[in-house]
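Residue-level structural notes
Listed below, chain by chain, are the residues.
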Amino acid sequence: MTGQWALLEERGFGEMFAGTWIEGDDHDEIARLLGADPERAVACGLGEAMREYEPFAFREAVWLGAHAPGWTHAITIAGPRLRTDLLGGRRFVQVVWDAGGLGVHDLYYSDGVTAGQHSPVRIADPGWPFHEYADGLVPSGRGLADVFTAGVSATATGSLGLWLENWLVLAGRVSGRLMDEEYFDATRRLYDIPL
C-alpha cells in the first residue's frame, strides 16, 4: 500500500500541502462558511485544479468535496491554509506541510467544542480529543533524525516523514477514509475563498 504522503507528493504537493477534513456533507454550506460563493465554483478533477497550484499566493483556492459519509475534504490549491476559525461548532482536522518552513505543522483540530493544536511528538499522549485515533502511531522511530536545518527546504524523510504520515493517517481515521487513487480521480469543485 502506498503511503498517504507519497500519493500527495506524486500529485505535486511537495512544496506545500494543507488539507482540512471537515465534518459535514453539504459542501456548498461549508464553502459559504469559508466565504466562498458556490455559484462561482468550477467542477474539476485534481489535475485540472493543480494548474492553479500556487502555495502562499495572494489568493486562495480550495478543491473541496465529498470524502466519506459525514465528511468533506478541502485541499488548498492556492494561498495559505484554510482559516479554521470560520468552521465553529464542526469537528475538523487540518494537516499542513510546508517545505519552506519547518516541514510538518502541529495538527490543527476541533472536536466540535474545543479547537487547538497538537504537536506531532505528542501524538500518543492521552488527554487530547483525537487520541483514540492515534493507536499504533508513534512519535519517533529508531535512527530517525529529529533535527531541522535552517535555510534548507524540508523533506518528508526521517522524523518529518513519520510525523506527516501519522497526521495524514490520523485524518483518514477520524474522517473514515484514507486517500487513495479513486479519491484523487474524483471530480470535486474548485472554490475561490476571499482572503
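These notes cover the structure that comes with them. From a predicted model like this one, the values you see are computed outputs, not experimental measurements.

So, unusual backbone geometry
Within the chain, phenylalanine 56 stands out as a residue other than glycine whose phi angle is a positive 60°. If you trace the backbone, phenylalanine 56 turns up in the loop between strand S3 (54–55) and strand S4 (60–68). The partly exposed category is assigned to phenylalanine 56, whose relative accessible area is 43%.

A look at helix H4 (residues 158–175)
Given 3.6 residues to a turn, an α-helix orients residues that are three or four positions apart in the same direction. An ideal rise of 1.5 Å per residue puts 26 Å on 18 residues; H4 measures up with 26 Å between its terminal C-alpha atoms. Of all 18 residues that make up H4, 14 are buried, and the element is covered over most of its length. Immediately downstream of H4, the backbone of glycine 176 shows phi near 90°, a positive value.

A short note on the pairing of strand S8 (residues 107–111)
The buried fraction of S8 is high, at four of five residues. Of the strand pairs in this sheet, strand S6 (residues 91–98) and S8 are connected by four bridges, and their pairing is antiparallel. Paired with valine 93 across the two strands is tyrosine 109, which belongs to S8. Sheet topology places S8 next to strand S9 (residues 115–118); four bridges connect them, and they run antiparallel. Across the sheet, residue tyrosine 108 finds its bridge partner in S9, namely glutamine 117. Counting the residues in the hairpin turn of S8 and S9 gives three residues, including glycine 112, whose phi is positive at 100°.

Conventions and cut-offs
- Residues numbered from 1 in each chain as written.
- Predicted model: local features only at pLDDT ≥ 70, side-chain atom pairs only at ≥ 80, totals over all residues.
- Heavy atoms only, no water.
- Helix = DSSP H or I, 4+ residues; strand = E, 2+ residues; numbered from the N terminus.
- Buried < 20%, exposed > 50% of the residue type's maximum accessible area, 1.4 Å probe, protein only.
- Expected span 1.5 Å × (residues − 1).
- Pairing = 2+ DSSP bridges.

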